[in-house]
Amino acid sequence: MANEIDKQTFWLFNRQYDDNTTEEQDNKILELAEEQIYEFGWDETFKSWKKYLFTECKTPESVINFANLFWWFAPDKYSVPEPYEFLAYFYYRIDFNVEKYDDMGILDSLATAILVKAGHKEADRMFNADYIPELDPGIIAEAQAYKSSGL
């Protein structure tokens, strides 16, 4: 990783979400994520995090791990640019098999939080209790684009 923000991103995300860390270590990790956002701004931080996702997370397990870390670092504090493109990458990598790879439902939580924050009211379960991210036409279309591109 060539630049400072990407080095920090690598350090933050190159770990298992469920590592047996102490509360003190967890607080330090969260503090470093917040410092990165403060230092570089959300837009640049998100670009770096997304780049890490797309270059380092190629397996179902690695994208689910990233999703958990992302949720931990920045649940719904910030808007995600191009939310369908971002979310579809996760579903593409797990081939929409949430039963096998996402038994804790992190993608469901991410999708609803990110899409509602981006103004997509159809994903707001307060108003649409039947919303299911893996059936969302926007997510499906973007995931199909990844599949077609051979990514």
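Since this is a predicted model, take the numbers as computed values, not measurements.

Novice: Is there a simple way to think about the overall build of the protein in this case?
Specialist: In terms of regular secondary structure, the protein is built from 7 helices and 0 strands. Helices and strands appear in the protein in the N-to-C order α-α-α-α-α-α-α. Its C-alpha radius of gyration of 15 Å places the protein within 12% of the 15 Å reference for a compact globule of 151 residues. Taking the principal axes of its C-alpha atoms as reference, the protein extends roughly 40 × 35 × 30 Å. With 151 residues in all, the protein has 42% of them scored as buried. Across the protein, contacts joining residues at least 24 apart in sequence account for 72% of those joining residues at least 6 apart. Total accessible area on the protein is roughly 8,400 Å²; 51% of this is exposed by carbon and sulfur atoms.

Novice: Would you mind showing me how to read the layout of surface pockets here?
Specialist: A probe matching the size of a water molecule, rolled over the atoms, marks out where space remains unfilled. Put simply, the largest pocket is a space of about 200 Å³. Taken together, 13 residues form the lining of the largest pocket, with Tyr17, Asp18, Ile64, Asn65 and Asn68 sitting closest to its centre. Broken down by element, the lining of the largest pocket gets its largest block of residues, 5 residues, from helix H3 (residues 60-73).

Novice: What's the story with the pattern of salt bridges in this structure? I'm lost.
Specialist: Side chains that differ in charge, positive against negative, can pair when their charged atoms come close. Throughout the structure, instances matching the rule amount to 7 salt bridges. A salt bridge links Lys51 to Asp6, with the nearest nitrogen and oxygen atoms 2.4 Å apart. In this pair, Lys51 sits in helix H2 (residues 23-56) while Asp6 sits in helix H1 (residues 4-13), placing the two residues 45 residues apart along the sequence. Relative accessible area serves as the criterion here: at 5%, Asp6 is assigned to the buried category. In this structure, Arg125 engages Asp108 in a salt bridge whose closest nitrogen and oxygen atoms are separated by 2.5 Å.

Novice: Sorry, what's going on with the packing of helix H4 (residues 83-93) against helix H7 (residues 137-149) here?
Specialist: How two helices sit against one another is set out by the angle between their axes and by the gap between those axes. Orientation of H4 relative to H7, taken along the N-to-C sense of each, is 65°, at an axis distance of 8 Å. Accordingly, the angle class assigned to the pair H4 and H7 is roughly perpendicular. Crossing of H4 against H7: the hand is right-handed. Between H4 and H7, the residues in contact are Tyr84, Glu85, Leu87, Ala88, Tyr89, Tyr91 and Tyr92 and Gly138, Ile139, Glu142, Ala143, Tyr146 and Lys147, respectively. The residue inventory of the contact of H4 with H7, partitioned by class, reads 9 nonpolar, 1 polar and 3 charged.

Novice: Explanation requested: the nonpolar core in the structure shown.
Specialist: Within soluble globular proteins, side chains that are nonpolar tend to cluster in buried spots. The biggest cluster of nonpolar side chains holds 42 residues, and the ones touching the most others in it are Phe13, Trp49, Leu53, Phe66, Phe70, Phe86 and Phe90. Elements that contribute at least two residues to this core include exactly H1, H2, H3, H4, helix H6 (106-117) and H7. With 9 residues, the single largest contributor to this core is H2. Setting aside chain neighbours within four positions, we find Phe86 in contact with Phe46, Lys50, Leu53, Phe66, Phe70, Val80 and Ile114.

Novice: Where do I start with the environment of Asp26 in this structure?
Specialist: Checked against the element boundaries, Asp26 lands in helix H2. Residues Asp26 and Lys51, 25 residues apart in the sequence, show an inter-C-alpha distance of 23 Å. Filtering out sequence-adjacent residues up to four positions away, Asp26 remains in contact with Thr21 and Trp72.

Novice: Looking at this structure, I do not really get the environment of Phe73. What am I missing?
Specialist: With respect to the element layout, Phe73 can be found in helix H3. In sequence terms Phe73 and Leu12 are 61 residues apart; their C-alpha atoms lie 9.2 Å from each other. Each residue touching Phe73, except ones within four places of it in the same chain, is listed here: Leu12, Phe13, Ile29, Leu30, Ala33 and Trp49.

Reading the values: the criteria
Residues numbered from 1 in each chain as written. Predicted model: local features only at pLDDT ≥ 70, side-chain atom pairs only at ≥ 80, totals over all residues. Heavy atoms only, no water. Helix = DSSP H or I, 4+ residues; strand = E, 2+ residues; numbered from the N terminus. Rg over C-alpha atoms; globule rule 2.2 N^0.38 Å. Buried < 20%, exposed > 50% of the residue type's maximum accessible area, 1.4 Å probe, protein only. Contact = heavy atoms within 4.5 Å. Areas by Shrake-Rupley, 256 points an atom, 1.4 Å probe, with all protein chains shown as cover. 1 Å grid on protein atoms, 1.4 Å probe; cavity = no way out; pocket = protein on both sides within 12 Å on 5 of 7 lines; lining within 4 Å. Points joined across faces, edges and corners; volume = space filled by probe spheres on them. Salt bridge = Lys/Arg side-chain N within 4 Å of Asp/Glu carboxyl O. Axes fitted to C-alpha atoms, helices over the stretch in contact; angles between N-to-C directions. Parallel < 35°, antiparallel > 145°, perpendicular 65-115°, else oblique. Left-handed = near helix turned anticlockwise from the far one by under 90°. Nonpolar A, V, L, I, M, F, W, Y, C, P; charged D, E, K, R; others polar. Core = buried A, V, L, I, M, F, W, Y, C linked by side-chain atoms within 4.5 Å.

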